Amino acid sequence: MDTLWAALALVLVIEGLMPLLSPGGWRRMFAQILALTDGQIRFFGMCSVLLGLLLLAALS
């Protein structure tokens, strides 16, 4: 269970880097994301999940 909390904490650190280092770039990125269709957003979400699962499988 400690590994899960450590992984969640690492996600928060990584997610916070972009707005911390480049708030203008982060804002532009979100404006571009808002212009995507639901299908495009789902595709990128699915790719992210699959990549994460592949990495987990490779590391275990």
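Above: the structure in question.
What you see is a predicted model, and the numbers here were worked out from it, not measured in a lab.

Draft legend 1. Here's a closer look at the packing of helix H1 (residues 2-21) against helix H2 (residues 23-34). Running from amino to carboxyl end, H1 crosses H2 at an angle of 110°, the nearest separation of the two axes being 5 Å. Classified by the angle their axes make, H1 and H2 are roughly perpendicular. Across from Met18, Pro19, Leu20 and Leu21 in H1, the residues of H2 making contact are Pro23, Gly25 and Trp26. For the contact of H1 with H2, the class distribution of residues is six nonpolar, one polar and no charged.

Draft legend 2. Looking closely at the packing of aromatic side chains. Summed over all chains, the structure comprises two aromatic pairs. Arranged with centres 5.8 Å apart and planes meeting at 65°, the rings of Phe43 and Phe44 form a pair that is edge-to-face. Residue Phe43 is classed as partly exposed on the basis of its relative accessible area, which comes to 45%. By relative accessible area, Phe44 is classed as exposed at 52%.

Calculation notes
Residues numbered from 1 in each chain as written. Predicted model: local features only at pLDDT ≥ 70, side-chain atom pairs only at ≥ 80, totals over all residues. Heavy atoms only, no water. Axes fitted to C-alpha atoms, helices over the stretch in contact; angles between N-to-C directions. Helix = DSSP H or I, 4+ residues; strand = E, 2+ residues; numbered from the N terminus. Parallel < 35°, antiparallel > 145°, perpendicular 65-115°, else oblique. Contact = heavy atoms within 4.5 Å. Nonpolar A, V, L, I, M, F, W, Y, C, P; charged D, E, K, R; others polar. Phe/Tyr/Trp six-rings, centres within 6.5 Å; stacked < 30°, edge-to-face > 60°. Buried < 20%, exposed > 50% of the residue type's maximum accessible area, 1.4 Å probe, protein only.

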